[in-house]
Amino acid sequence: MNIKRTLAITKKTFRGIWSDKAALMLLLVTPALSIVVFAFGFGGDVSHVRVAVVNQDQGYQIPPSRVRVSISGAILANLDSKVVEVYEVATEAEGVKLVKSAKAYGVIVFPKDFTRNVYEKSLDPSLSLDTTIRVKLDKTNVNVAGVIREAIGDALVGASASMGVEGTATLDTSDAIYGEGATMRDFFLPAIATYILYIETFLMVVQAFVGQRISGSLARLQVTPLRPSEFVVGNAIAYSVLGLMQAAIMLTFSVYVFGIACEGSMLLAFLVIGVLAVMSLSLGMVLSSLARRSEQALASLSIVALPSFLLCGMFWPVEAIPTWLRPLSYVVPNTYAINAARDVMLQGWGIGQIWLELVVLAAFTVFFLALSTVSLGRVKG
Amino acid sequence: MDKGSGLETGATLPRSPIGKRTPMRDVRTEYAAETKDLTMLFGKFKALDKLSLRIQRGIIYGLLGPNGAGKTTAVKILCGLLTPTGGQAYVLSTKVPNRNILPQIGYMPQETALYVELSVHQNMELFGELYGMTSKKIAEKEDELLRFVALEKWKHSPVANLSGGMRHRTSLACSMIHEPRLLLLDEPTVGVDPELRSAFWQYFNALRQAGVTIIITTHYMDEAQHCDKIGLVRQGRLIADGTPRQIMKETKTTNLEDAFLALSRGQETS
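Calculation notes
- Residues numbered from 1 in each chain as written.
- Chains lettered and ligands numbered in written order.
- Predicted model: local features only at pLDDT ≥ 70, side-chain atom pairs only at ≥ 80, totals over all residues.
- Helix = DSSP H or I, 4+ residues; strand = E, 2+ residues; numbered from the N terminus.
- Buried ≥ 20, exposed ≤ 12 C-beta atoms within 10 Å, placed from the backbone.
- Contact = placed C-beta atoms within 7 Å.
- Rg over C-alpha atoms; globule rule 2.2 N^0.38 Å.
- Axes fitted to C-alpha atoms, helices over the stretch in contact; angles between N-to-C directions.
- Parallel < 35°, antiparallel > 145°, perpendicular 65-115°, else oblique.
- Left-handed = near helix turned anticlockwise from the far one by under 90°.
- Nonpolar A, V, L, I, M, F, W, Y, C, P; charged D, E, K, R; others polar.
- Core = buried A, V, L, I, M, F, W, Y, C linked by C-beta atoms within 7 Å.
- Pairing = 2+ DSSP bridges.
- Expected span 1.5 Å × (residues − 1).
- Arc of directions from axis to C-beta.

## Quick word on the overall build of chain B
Here is step 1: The helix and strand tally for chain B stands at eight helices and 10 strands.
Here is step 2: A total of 270 residues make up chain B; the buried ones form 47% of that total.
Here is step 3: Here the analysis covers contacts within chain B between residues at least 6 apart in sequence; of these, 72% occur between residues at least 24 apart.

## A closer look at the overall build of chain A
Here is step 1: A tally of regular secondary structure across chain A gives 14 helices and eight strands.
Here is step 2: Computed over C-alpha atoms, the radius of gyration of chain A comes to 27 Å, more than 25% over the 21 Å expected from 2.2 N^0.38 for 381 residues, which places it beyond the range of a compact globule.
Here is step 3: Taking the principal axes of the C-alpha coordinates as reference, chain A spans close to 95 × 50 × 35 Å.
Here is step 4: In chain A, which comprises 381 residues, the share counted as buried stands at 42%.
Here is step 5: If you take every contact in chain A between residues at least 6 apart in sequence, the share linking residues at least 24 apart comes to 79%.

## Description of the packing of helix α3 (residues 71–78) of chain A against helix α6 (residues 142–163) of chain A
Residues and elements named next belong to chain A.
Here is step 1: Where α3 meets α6, the closest approach of the two axes is 8 Å, and the angle between their N-to-C directions is 130°. Considered as vectors, α3 and α6 are oriented oblique to each other. As for the relative orientation of α3 and α6, their crossing is right-handed in sense. From α3, Ile71, Ala74, Ile75 and Asn78 reach across to α6, where they touch Ala155, Leu156, Gly158, Ala159, Ser162 and Met163.
Here is step 2: Here the residues of the contact of α3 with α6 sort into seven nonpolar, three polar and no charged.

## Some remarks on the nonpolar core
Here is step 1: Ile148, Val272, Ile273, Leu276 and Ala341 of chain A are the most contacted members of the largest nonpolar core, which totals 103 residues.
Here is step 2: A per-element tally of this core places helix α10 (residues 266–290) of chain A first, with 14 residues.
Here is step 3: Residues Leu102, Leu145, Ile215 and Ala224 of chain B belong to the second largest nonpolar core, which totals 83 residues.

## A short note on the interface of chain B and chain A
By convention, interface size is frequently given as the accessible area that disappears when the constituent parts associate.
Here is step 1: At the junction of the two partners, chain B supplies 18 residues and chain A supplies 12 residues.
Here is step 2: Of the residues assigned to the side of chain B that touches chain A, the class counts are 14 nonpolar, two polar and two charged.

## Some points on the sheet that holds strand β5 (residues 94–95) of chain B
Residues and elements named next belong to chain B.
Here is step 1: An order of β2-β1-β4-β5 is seen for the four strands of this open sheet, with the pairing classed as antiparallel. Bordering the open sheet on either side are β2 (45–56) and β5, each of which pairs with just one other strand.
Here is step 2: Bridging between strand β1 (residues 31–42) and strand β4 (residues 86–91) involves five bridges; their strand directions are antiparallel. Pairing of Glu34 across the sheet is with Tyr90, part of β4.
Here is step 3: Seen against the sheet, helix α2 (residues 71–78) touches β1, β2 and β4 and runs at an angle of roughly 120° to β1.

## A word on helix α4 (residues 135–148) of chain B
Along an α-helix, a turn takes 3.6 residues, which lines up residues three or four apart on a common side.
Residue and element names in this part refer to chain B.
Here is step 1: A rise of 1.5 Å per residue sets the reference length of α4, with its 14 residues, at 20 Å; its end C-alpha atoms lie 20 Å apart and thus fit the reference within 8%.
Here is step 2: Turning to α4, its buried residues number three or more, namely Ile138, Lys141, Glu142, Leu145, Leu146 and Phe148. For α4, the angular spread of buried residues about the axis comes to 140°, placing them on one side.

## A few points about unusual backbone geometry
All names here are of chain B.
Here is step 1: Residues Val96 and Pro97 are joined by a peptide bond in cis, for which omega reads 5°.
Here is step 2: Take Pro97: it is sitting in the loop between β5 and β6 (105–108).
Here is step 3: Backbone geometry at Glu179 places phi at a positive 50°, although glycine is not the residue there.

## Topic: helix α4 (residues 92–100) of chain A
All names here are of chain A.
Here is step 1: Residues of α4 that are buried: Gly95, Leu98 and Val99. Seen end-on, α4 carries its buried residues on one side only, within an arc spanning 100°.
Here is step 2: In this structure, the buried residues of α4 make contact with β1 (49–55), β4 (84–89), β5 (106–110), β6 (132–138) and β8 (176–178).
Here is step 3: At the C-terminal side of α4, Ala102 shows a positive phi close to 60°.

## Side note on the sheet that holds β6 of chain B
Residue and element names in this part refer to chain B.
Here is step 1: Strand order in this open sheet of six strands is β6-β7-β8-β3-β9-β10, and the pairing throughout is mixed. Where the open sheet ends on each side, the last strands, each with one partner, are β6 and β10 (237–242). Recorded for the sheet is a direction-independent mean angle of 15° between the axes of neighbouring strands.
Here is step 2: Summarising the sheet, strand β3 (residues 60–64) and strand β9 (residues 229–234) pair through four bridges and their orientation is parallel. Bridging across to β9, Tyr61 finds its partner in Lys229.

As structure tokens, then:
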């Protein structure tokens, strides 16, 4: 190996990178940005998870004292308020309704006379009394379900010890509102499939647009009566068909070959992932039309891919992301797609429950298509 | 150059490409293109320096000059791809950039600028459709143009499989599919063999006779003999304008290359 020739190649590469300040900035800023997002996003445990509580326990006046105590109240007071946010509801049905409308992740049910039963059973363990706290969970989000179980368990142990009734009350989390038997694979697949399609479609469009830019064919088209909007929509139609085909293949393989759970309509799951593909291609068009060189367009991938990877709720719920960082999650289109895909595939939700996510994705698409049209109208020569 | 040699390559003279069209309404001047003090800056680099041109309708106008003289920049401004830093440009009596004149312009860029994954036919069809032509009309025009550029045999070959010269010819054919009133050809004869170049000029003459204005940039001084008028450009400035004969007479030279060198020396002295 000739060192001089080798270093000539190194020098050439550095000069090329140095000459494109925009791409260089992206290359340097992205790792820092990603680590910041990762450190804050991942460092923060699951927090502020909403749980409904049905407390039928009226407390108990332990003889001979005149003081009325409530073990359920003590457990609730012991719950780490940073982790679990409690919403009191009157009935179990009401709690389940909250979970089914994505306003809570689970329902804690304290039975009637819970404190009395626990107290009496602590004195005579042979008594057949209901001392079980039933926790019905949305188990489709494995992380969240685990955190809720752990928080309630800790609170129960703490409260029992302080009241001298250790080991009497039990916790039953076997009942699932959603995701009965859901595995990590079931949990991650809708998100991973959505994310892969998002990146693939984006790359496909960037590659095609940058190619047209470099070859001069894009400039040539601008000297024809073709309008930027026609160019954008024409491309959007073609790439949408490709994106939808990719979505169909991915979904079919997942469900029929690998047996991934799809509780809801396959067609709706396909629609969600398909709409994301269209959104992604429109984002690709925006960034390609803004980029001056292919390196810039490809560098933009790191901006598109990494923060959204960490912020979209694929690994941990958006609730686990620090409050100040959370607004970023809501400007990442993937957050809505992953949410909707999980809702359909794991919870079996219908269009009536995920329409808002679809509308948000469609709005992102229209916005990016409009932006590409404006941007392409400005691109010359 | 032997004007008859093109026929031997299979290229035949076309029927009048604008025979059935209604005459263009002359709104402002008799000029197909006109620039006034056209200036273009790319950062600190001055690509055009107060370039003023007047190109009559129905002629072949050659914009001549060495590489980097500003020829391509001028053409890109005329077809609306660049907005000048200073001065004005008018094309077919319309101040450019203006979308309304685009259907009347044919533009062949210096780079091939084709969809190489598509066949010659598919590229031509694309451009025909962008100009709103019917399938029948596209087919007719395509056959005629492919005969002219001697590419009938390669009609269905992907452009990626063609040689550089063949791609250039395909590009030229694409720029003419919609029978434009004004053709802006940026170095159309680069990579074309002498025989076919001769045929090209024969075809350009036929188009000119049919009323089409052709603006050609080239750095081949010998090609300028085919132009009705030429403009010599150096460092973004027009250093001479007139018929080739006039320019040679004024510079007391016998060919345009010597004329250009004489004018360049004069520009440096001044």
